[in-house]
Amino acid sequence: METRWLYVTSEELPALREASGKVCIIPMGCVEKHGLHLPLGQDIIQSSYICHKASQIETVTVFPDFIFGDVPGRIPYNPVGNVTLPLETQLLLLEQLCEQISLNGYNKILLFNGHGGNVALLNAFNRNLLNKRRDFVFAWVNCALPAPHTLAEILIEKGSGSIPELTAEDEEILLRCHKNNMVTGHACFGETAYMMGICPESVHLDRLGIESGLSTGKSQKYTEAGLIPLNYGWDLDYPNAYAGDDPYECNERIGKAALRVESERLANAIKVYKEDTLLLEELEKMQKAWDKND
């Protein structure tokens, strides 16, 4: 069935809401540089795609994309194309969107986060919800990167042929990357695989090798001293907005496998969240406390 909020009519939405168990998921990403080989919209593109794919496994209403996630701005090396909104704008927008979703009868809101930089923002948002009178519960799932390491671990555990999308050559690539402890992080093999599986024409492997994705190590002295510098030192360590070994051998088949594995993982999280009653019981307790204090 159609699960995307934007693609159903106002008459159809109530039926989708009930089929979703009153759970609505928000894909969240950002707009920022991903090396020289991946598009600026990498995080929201992968988040949106995986949410829709997961919704076809476990029915959930997919809200329109929350595109503009937390990207630091006004720094000396802020790359061209990055889009930065003030934190207060992002927090207010997310809160008001959740309120609108709730007004449409959803009591469980789930967010699928495709951008690591959003974690601090989401922690603050989640904490602030404790101080807000509301009619919904909120949780989020961080996007994982199955390629190459998780896929290799599946092959090691279940054997050759256990990932149907892959050829024998693909299996060799993944096992070799895993054995060599390939570095992943940002615009890495994992994210490249996702984009190869979604929109391969947006991937420019010929641009690899121009800028390094390896850490400069400049923030290490702060870490050793127990200090947490601005943005956790990420901008010092990865000034090229790229973190990982060059994914020269990545391909579309590996991308399709990674997307399936992550979509199945998200679908399971949706199922657990949909069937849960404890969080709603806790919300009811909070609502009674709010009423008592009014």
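Cut-offs used in this document
- Residues numbered from 1 in each chain as written.
- Predicted model: local features only at pLDDT ≥ 70, side-chain atom pairs only at ≥ 80, totals over all residues.
- Heavy atoms only, no water.
- Salt bridge = Lys/Arg side-chain N within 4 Å of Asp/Glu carboxyl O.
- Buried < 20%, exposed > 50% of the residue type's maximum accessible area, 1.4 Å probe, protein only.
- Helix = DSSP H or I, 4+ residues; strand = E, 2+ residues; numbered from the N terminus.
- Phe/Tyr/Trp six-rings, centres within 6.5 Å; stacked < 30°, edge-to-face > 60°.
- Lys NZ or Arg CZ within 6 Å of the ring centre and 35° of its normal.
- Pairing = 2+ DSSP bridges.
- Contact = heavy atoms within 4.5 Å.
- Axes fitted to C-alpha atoms, helices over the stretch in contact; angles between N-to-C directions.
- Expected span 1.5 Å × (residues − 1).
- Polar contact = N/O pair within 3.5 Å; in protein donor to acceptor, adjacent residues only side chain to side chain.
- 1 Å grid on protein atoms, 1.4 Å probe; cavity = no way out; pocket = protein on both sides within 12 Å on 5 of 7 lines; lining within 4 Å.
- Points joined across faces, edges and corners; volume = space filled by probe spheres on them.
- Nonpolar A, V, L, I, M, F, W, Y, C, P; charged D, E, K, R; others polar.

Draft legend 1. Main features of the pattern of salt bridges. Here the structure, examined in full by the defined rule, presents 14 salt bridges. Linking E2 and R4 is a salt bridge whose minimum nitrogen-to-oxygen distance equals 2.8 Å. Here E2 falls in the partly exposed class, since its relative accessible area comes to 28%. R4 gets classed as partly exposed once you look at its relative accessible area, which sits at 25%. A salt bridge links D170 to R253; the nearest nitrogen and oxygen atoms lie 2.6 Å apart. Within this pair, whereas D170 is found in helix α6 (residues 168–179), its partner R253 is found in helix α10 (residues 252–275), the two being separated by 83 residues in sequence. In this structure D170 comes out as buried when scored by relative accessible area, which is 0%. Members of the salt-bridge network, linked through shared partners, are E165, R260 and E264.

Draft legend 2. Representation of unusual backbone geometry within the structure. Here the amide bond leading from A147 into P148 is cis, since omega sits at 0°, within 30 degrees of zero. With respect to the helices, strands and loops of the structure, P148 is situated in the loop between β4 (137–142) and α5 (149–158). Even without a glycine there, the phi angle at A187 is positive, about 60°. Its relative accessible area of 0% is what places A187 among the buried residues. If you check the backbone angles, A241 has positive phi at about 50° while not being a glycine.

Draft legend 3. Region of interest: the packing of aromatic side chains. Tallied over the entire structure, the rule returns four aromatic pairs. Taken together, a centroid distance of 5.0 Å and an interplanar angle of 75° make the contact between F125 and F138 edge-to-face. With a gap of 13 residues between them, F125 in helix α4 (residues 119–129) and F138 in strand β4 connect regions that are remote in the sequence. By relative accessible area, F138 is classed as buried at 9%. A connected cluster of aromatic rings, assembled from ring pairs, spans W5, F63 and Y106. Of note, R4 hangs over the ring of Y7, and the distance from its end group to the ring centre comes to 3.8 Å. One cation-aromatic arrangement involves K108 over Y273; the distance from NZ or CZ to the ring centre is 5.8 Å.

Draft legend 4. A look at the sheet that holds β4. Spatial ordering of the open sheet is given by β2-β1-β3-β4, a layout of four strands whose pairing is parallel. Of all the strands in the sheet, the pair left with one neighbour each is β2 (61–62) and β4. With two bridges connecting them, strand β1 (residues 23–28) and β2 associate as parallel partners. If you follow C24 over to β2, its bridge partner there is T61. Running over the sheet, helix α2 (residues 42–55) touches β1, β2 and β3 (108–113) and is turned about 155° from β1. Packed onto the sheet, α4 meets β1, β3 and β4 and runs at close to 165° relative to β4.

Draft legend 5. Seen up close, α10. Across its 24 residues, α10 extends 35 Å between first and last C-alpha, which sits within 8% of the 34 Å expected from 1.5 Å per residue. Residue N251 occupies the N-cap position of α10, its side-chain oxygen lying 3.0 Å from the main-chain nitrogen of R253.

Draft legend 6. Broad picture of empty space enclosed by the protein. Applying the stated criterion to the full structure yields one cavity of 30 Å³ or more. Considering the residues around the largest cavity, the lining is formed by G35, L36, H37, R207, L208, G209, E211 and Y242. Of the residues contributing to the lining of the largest cavity, the split by class is three nonpolar, three polar and two charged.

Draft legend 7. Spatial organisation of the side chain of S263. Note that S263 resides in helix α10. Judged by its relative accessible area of 0%, S263 falls in the buried class. If we skip the residues at most four places from it in the chain, S263 touches I50, K53, A54 and I57.

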